[in-house]
Amino acid sequence: MKELGHWINGKYVPGTSGRTADVYNPATGEVQAKVALASKAELDEAIAAAAKAQPGWAATNPQRRARVLMEFVRLINRDMDKLATALSSEHGKTLPDARGDIQRGVDVVEFSIGAPHLLKGEYMDSAGTGIDLYSMRQPLGVVAGITPFNFPAMIPLWKIAPALACGNAMILKPSERDPSVPLMLAELLTEAGLPPGVLQVVNGDKDAVDGILDNPTIQAIGFVGSTPIAEYIYSRGCANGKRVQCFGGAKNHMIIMPDADLDQAADALVGAGFGAAGERCMAISVAIPVGEETADRLVEKLVPRIEKLKVGPYTAGNDIDYGPVVTKAAQERIFGLIDSGVKQGAELVVDGRGFNLQGYENGFYVGPTLFDRVTPDMEIYKQEIFGPVLSTVRSETYEEALKLTMDNEYGNGTAIFTRDGDTARDFASRVNVGMVGVNVPIPVPLGYFTFGGWKKSGFGDLNQHGPDAFRFYTRTKTVTARWPSGIKEGAVLNFPTT
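Residues numbered from 1 in each chain as written. Predicted model: local features only at pLDDT ≥ 70, side-chain atom pairs only at ≥ 80, totals over all residues. Heavy atoms only, no water.

Draft legend 1. Here's a closer look at the overall build of the chain. Scanning the chain for helices and strands turns up 16 helices and 23 strands. Relative to the compact-globule value of 23 Å for 498 residues, the chain shows a C-alpha radius of gyration of 25 Å, a close match. By principal-axis analysis of the C-alpha atoms, the chain measures approximately 85 × 60 × 40 Å. Residues counted as buried form 56% of the 498 residues belonging to the chain. Taking contacts inside the chain between residues at least 6 apart in sequence as the whole, the part at least 24 apart equals 73%. A total of about 20,900 Å² of accessible surface is found on the chain, and carbon and sulfur atoms cover 51% of it. (Helix = DSSP H or I, 4+ residues; strand = E, 2+ residues; numbered from the N terminus. Rg over C-alpha atoms; globule rule 2.2 N^0.38 Å. Buried < 20%, exposed > 50% of the residue type's maximum accessible area, 1.4 Å probe, protein only. Contact = heavy atoms within 4.5 Å. Areas by Shrake-Rupley, 256 points an atom, 1.4 Å probe, with all protein chains shown as cover.)

Draft legend 2. Here's a closer look at the packing of aromatic side chains. One pass over the full model with this rule turns up ten aromatic pairs. Centroid distance Tyr448 to Phe449: 6.0 Å. Interplanar angle 55°. Geometry classified as tilted. The class of Tyr448 is partly exposed, set by a relative accessible area of 49%. Just above the ring of Phe151 sits the side chain of Lys93; from NZ or CZ to the centre is 4.2 Å. (Phe/Tyr/Trp six-rings, centres within 6.5 Å; stacked < 30°, edge-to-face > 60°. Lys NZ or Arg CZ within 6 Å of the ring centre and 35° of its normal.)

Draft legend 3. Inspection of the packing of helix H10 (residues 262-274) against helix H11 (residues 292-307) at higher detail. At a closest axis distance of 9 Å, the pairing of H10 and H11 adopts a crossing angle of 55°. It follows from the interaxial angle that H10 and H11 lie oblique. As for how H10 packs across H11, the hand of that crossing is right-handed. The segment H10 lies against H11, with Leu262, Asp263, Ala266, Asp267, Leu269, Val270 and Phe274 engaging Thr294, Arg297, Leu298, Lys301, Leu302, Arg305 and Ile306. The residue makeup of the contact of H10 with H11, split by class, is eight nonpolar, one polar and five charged. (Axes fitted to C-alpha atoms, helices over the stretch in contact; angles between N-to-C directions. Parallel < 35°, antiparallel > 145°, perpendicular 65-115°, else oblique. Left-handed = near helix turned anticlockwise from the far one by under 90°. Nonpolar A, V, L, I, M, F, W, Y, C, P; charged D, E, K, R; others polar.)

Draft legend 4. Main features of the pattern of salt bridges. Following the criterion strictly, the structure yields 32 salt bridges and no others. Asp205 serves as the salt-bridge partner of Arg19, at 2.8 Å between the closest nitrogen and oxygen. You can see Arg19 sitting in the loop between strand S3 (11-13) and strand S4 (20-25) and its partner Asp205 sitting in the loop between strand S10 (199-201) and helix H8 (206-214), a full 186 residues away along the chain. On the basis of relative accessible area, Arg19 is assigned to the partly exposed category, the value being 30%. In the salt-bridge network here, residues are joined through shared partners; they are Glu292, Asp296, Glu347, Asp372, Arg373 and Arg394. (Salt bridge = Lys/Arg side-chain N within 4 Å of Asp/Glu carboxyl O.)

Draft legend 5. Here's a closer look at the sheet that holds strand S1 (residues 2-4). The strand order across the open sheet built from three strands is S1-S5-S4, with neighbouring strands paired in mixed fashion. The sheet is open, and its two edges are formed by S1 and S4, each paired on a single side. In this sheet, neighbouring strand axes are inclined to one another by 35° on average, regardless of whether the strands run parallel or antiparallel. As judged from the six bridges shared by S4 and strand S5 (residues 30-36), these two strands associate in the antiparallel manner. Residue pairing for S5: Asp22 is matched across the bridge by Lys34. Along the sheet, helix H3 (residues 80-91) makes contact with S1, S4 and S5, crossing S4 at roughly 100°. (Pairing = 2+ DSSP bridges.)

Draft legend 6. Focus on the environment of Gly447. Inspection of the secondary structure puts Gly447 in the loop between strand S20 (435-438) and strand S21 (454-455). Sequence spacing of Gly447 and Thr20 is 427 residues, and the spatial spacing of their C-alpha atoms is 35 Å.

Draft legend 7. Just the domain arrangement of the chain, in detail. We note that the domain assignment places domain 1 (2-248 + 457-481) and domain 2 (252-438) within the chain. Summed over the three residues of domain 1 that lose the most area to domain 2, namely Ala27, Thr94 and Ser457, the buried surface amounts to 25% of that side. The interface formed by domain 1 and domain 2 contains one salt bridge. No other element matches the five residues that H3 contributes to the side of domain 1 that touches domain 2. When its residues are assigned to classes, the side of domain 1 that touches domain 2 shows seven nonpolar, eleven polar and four charged. (Domains from an automatic or database assignment. Buried area = accessible area lost by both parts, 1.4 Å probe.)

Draft legend 8. Spotlight on helix H6 (residues 154-165). With twelve residues, H6 ought to run about 16 Å at 1.5 Å a step, and its terminal C-alpha atoms sit 17 Å apart, in line with that. For H6, a buried count of twelve out of twelve residues is recorded, marking the element as mostly surrounded by other parts of the structure. For H6, the complete set of buried residues consists of Met154, Ile155, Pro156, Leu157, Trp158, Lys159, Ile160, Ala161, Pro162, Ala163, Leu164 and Ala165. Phi turns positive one or two residues past the end of H6, at Gly167, with a value near 100°. (Expected span 1.5 Å × (residues − 1).)

Draft legend 9. Geometry of the sheet that holds strand S15 (residues 347-350). With respect to topology, seven strands assemble into an open sheet ordered S15-S16-S17-S14-S13-S19-S20, the strand pairing being mixed. Both outer strands of the open sheet, S15 and S20, are each paired with one neighbouring strand and no more. Each adjacent strand pair in this sheet contributes to an overall mean axis angle of 20°, direction not counted. The sheet contact formed by strand S19 (residues 413-417) and S20 spans four bridges and is parallel. Across the sheet, the residue bridging to Ala415 is Gly437, located in S20. On top of the sheet, helix H14 (residues 398-407) reaches strand S13 (252-256), strand S14 (284-289) and S19; it is set at about 170° to S13, its chief contact.

Draft legend 10. Structural detail: the nonpolar core. Core analysis: the largest hydrophobic core is formed by 62 residues, its most contacted members being Met254, Ile256, Leu269 and Leu302. Here the element with the most residues in this core is H10; it accounts for eight residues. Setting aside residues up to four positions removed in sequence, Met254 forms contacts with Ala265, Ala268, Leu269, Ile284, Val286, Ala287, Ile288, Ala415, Phe417 and Pro441. Listed in part, the 57 residues of the second largest apolar core include Val23, Ile76, Leu183 and Leu189. (Core = buried A, V, L, I, M, F, W, Y, C linked by side-chain atoms within 4.5 Å.)

Draft legend 11. Region of interest: unusual backbone geometry. The phi dihedral of Asn9 falls on the positive side, at around 55°, and the residue is not glycine. Mapping Asn9 onto the fold places it in the loop between strand S2 (6-8) and S3. Overall, Asn9 belongs to the partly exposed group, its relative accessible area being 38%. A positive phi angle, near 55°, is found at Ser126, a position not held by glycine.

As structure tokens, then:
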């Protein structure tokens, strides 16, 4: 059986803690690898090596750092099929979806290649008599990324690329559920010319997370995962004086107005609700049709689309729409929430609990599920299901639909489908959610804008990728310079005003 260790000082190293975790093939339910779980001593050793490598990397000019990222992009594209296969085998998502996972990460690497421009400071000569003012952006030192299972390529790349482009060294702690791709990316970065020690990939569990939070060398932490863990990391990291950005859970709503193109809306809901088996923080899990007629027509269009979805292993290639969920525990939790929806009175229109695939009976599959007449007091509405379950909450008016969205504790993404520009503009202006789609079901910004949610979906002042990433991974130093002019003024004790 394959054993996975860590990537330290530019090479694979085995774990020495004696603790491991199982890595499953979700399609079959079989254990396909063991991944080492780092001890605090192993983590501290990796951090010390990163601290030693970081000054030399920071002294490398931004253009040369960017060239390493340029070569990294070429190597990722060279190995795209290999990376996608490894990703699918551990996560369960389809190969086309795995390639999308990787590509959306590459987009941020490509943006980070612009580091020579993005790191420029400001300058003003003669700000005062004989005085020049200028600012510069400098790296923080050693930073850390703690990334989730659902995007094992994209989120690590969102953390790695801007952090390294800014001159930092990074400790990456990926999910232990699908660790192979982050290790492969580290190998490709080394091949691209990254000096040993600048990126360390340390696999682990809560012990490794706590070690990152408490180690004084770590200056900043970026996290993506569930809201309870985001709150924990944010509070403990900040208490330890670190710069922290944490992105948590979501319950993304999509409003469907009576004037919307319902075929377009139904297609969007199926794609956004069931893609990657619903294991996306930007998945649409709640549809809010406005008006009974709109709701009836929408559900009528959704049912045949959902019933035609093909679920299966990634090895089926383009013949499937989505694969299994990541673990048996995730599968059982989703089934339990579907059960609760039935018990609490929601109308189960399409039931995914009985899905069975011949030859893959032990896989972690959940069939596509559709609920209608869901109410906000039900558990399937209140909880982030993180599975292929779409809930329809009927609304009488636009204002009621907007209030539902705004009253929800999460604020990651939302969308509205309408042909009316005034309604769309009002929605985008008023809704208290970080990312908004207008006739776009999954409003994930491109790499040169920033990604981040509001309310319990995001903790910290700065978002991921885009200009915010370069602000997060640097600190600004401002210099006030004056050169002697031969004028003797004597000591001045009052506070300077010019």
